[in-house]
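Residue strings, one per chain:
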Amino acid sequence: LKPAARLAPAPCRWNSGLPMNIGVLFVPQQEAWVVERMGKFHRILEPGLNFLIPLLDRIRYVQSLKEIVINVPEQSAVTLDNVTLQIDGVLYLRVMDPYKASYGVEDPEYAVTQLAQTTMRSELGKLSLDRVFRERESLNASIVDAINQASDCWGIRCLRYEIKDIHVPPRVKESMQMQVEAERRKRATVLESEGTRESAINVAEGQKQAQILASEAEKAEQINKAAGEANAMLVKARAKAEAIQLLAAALAQQHGNAAASLSVAEQYVNAFSKIAKDSNTVLLPANTGDVTNMVAQALGIYTTLTKPQAVKTQEEMPPAHEDSRSPATEVLKAEQGSSS
């Protein structure tokens, strides 16, 4: 051990200049004076007024009952991963038994300091460098437990132990700095990648929601369009049904066949007048100019469809005498003559 490693005695523990026995003594508070009578332990003086026999009684030790702070010198220790550290600390003690502190060990403070150093080296040898910095509290607690187990017979109790400074070699320090920088770059890269991933997820989620909303809108549009077309078809069907009913009612009246013949002739003439307007190629039947024949064919189809109803009507109504020449025939012949 270096000479500087041994601490000077605490100010409260006196090895020289002890109080002299003058018979009447006043012991300060938080101090314990150990008295020997003729070289043998006699008693411990309590704080306050005390009486001793001069020449027979002698004050051998003065113990302070206050908490004592001891600075543990810096020492080297090797970790589990073979890294040499320079470490120091602070030790907090208290004398619990003045008799054991006086006669149990020659120098209690020095003994506790050496025990703290050896225990620190032993505990550091069980830990790696990274765990030394992470587990300083558990390391302090282990040193305190080891000191208390050994110093019980010395009348001293270790209250706390705190590591002040840990010095690592320059190369190890540079490696640690590089490791820290690499770890920070790694975290930055991870955070950036997570941000990119979150952004891509958000964009994909937005596109998904947009497609869902667009499909729902298209679906609703198609449903509305189909409903509108269905309603339009229903309206057209109803209108057509009403028109057919009105037409049937009109045909059932007197001279209905003549009116139907006139309507068919007009439609034929209008259709014939539009021929060759949309295209130069025209296909015409052989009897295109025979309007009477075309109308007669249309009326024949109509008569075939309405024959059952006409038979029923004739059964219900008496036959009427009409002219051999129907008005419809005369109208058709007049239309043919005018077109010719």
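Nothing here was measured: the structure is a model prediction, and the numbers come from that model.

Novice: Sorry, what's going on with the pattern of salt bridges here?
Specialist: Under the definition given, this model contains six salt bridges. The salt bridge partner of Arg 37 is Asp 57, with a shortest N-O separation of 2.5 Å. Here the residue Arg 37 occupies a position in strand β2 (residues 31-37), and Asp 57 occupies one in strand β5 (residues 57-64), the gap between them amounting to 20 residues. Arg 37 sits in the partly exposed class, given a relative accessible area of 26%. A salt bridge links Arg 131 to Glu 135; the nearest nitrogen and oxygen atoms lie 3.1 Å apart.

Novice: Can you help me understand the side chain of Gln 63 in this one?
Specialist: Tracing the backbone shows Gln 63 in strand β5. Residue Gln 63 is classed as buried on the basis of its relative accessible area, which comes to 2%. Within the local environment of Gln 63, its side chain forms a polar contact with the side chain of Ser 102, the two groups lying 3.0 Å apart.

Novice: Explanation requested: the confidence of the model for the protein in the structure shown.
Specialist: Close inspection of predicted coordinates is inappropriate for parts of the model with low pLDDT. Looking at the protein, the pLDDT average stands at 78 and 72% of residues meet or exceed 70. Low pLDDT (under 50) marks residues 1-16, which in the prediction has 24 contacts with non-local residues, meaning those over four places away or in another chain. For residues 320-328, every residue scores under 50 in pLDDT, and the model assigns this stretch four contacts once sequence neighbours within four places are set aside.

Novice: Would you mind showing me how to read helix α2 (residues 108-124) here?
Specialist: Helical geometry note: an α-helix holds 3.6 residues per turn, so side chains three or four residues apart project in the same direction. Its 17 residues place the ends of α2 24 Å apart at the C-alpha level, agreeing with the 24 Å of an ideal helix rising 1.5 Å per residue. Among the 17 residues that make up α2, 13 are buried, leaving the element largely enclosed by the rest of the structure.

Novice: Which parts of the structure should I look at to understand unusual backbone geometry?
Specialist: What you tend to see is this: most non-glycine residues have negative phi, and most peptide bonds are trans. Even without being a glycine, Met 38 presents a positive backbone phi close to 55°. Tracing the sequence through the fold places Met 38 in the loop between β2 and β3 (40-45). Look at Met 38 and you get exposed, because its relative accessible area is 67%.

Novice: Help me out: how do you make sense of the sheet that holds β5 in this one?
Specialist: Think of a sheet as strands paired side by side through backbone hydrogen bonds, with each pair either parallel or antiparallel. Spatially, β3-β2-β5 is the arrangement adopted by the three strands of the open sheet, whose pairing is antiparallel. Two strands bound the open sheet, and with one partner strand each, they are β3 and β5. Strand-to-strand twist across the sheet, computed as the mean angle between neighbouring axes with direction ignored, equals 25°. Bridge count for β2 against β5 is seven bridges, and the pairing is antiparallel. For Arg 37, the partnering residue across the bridge sits in β5 and is Asp 57.

The rules we used
Residues numbered from 1 in each chain as written. Predicted model: local features only at pLDDT ≥ 70, side-chain atom pairs only at ≥ 80, totals over all residues. Heavy atoms only, no water. Salt bridge = Lys/Arg side-chain N within 4 Å of Asp/Glu carboxyl O. Helix = DSSP H or I, 4+ residues; strand = E, 2+ residues; numbered from the N terminus. Buried < 20%, exposed > 50% of the residue type's maximum accessible area, 1.4 Å probe, protein only. Polar contact = N/O pair within 3.5 Å; in protein donor to acceptor, adjacent residues only side chain to side chain. pLDDT = per-residue confidence, 0-100. Contact = heavy atoms within 4.5 Å. Expected span 1.5 Å × (residues − 1). Pairing = 2+ DSSP bridges. Axes fitted to C-alpha atoms, helices over the stretch in contact; angles between N-to-C directions.

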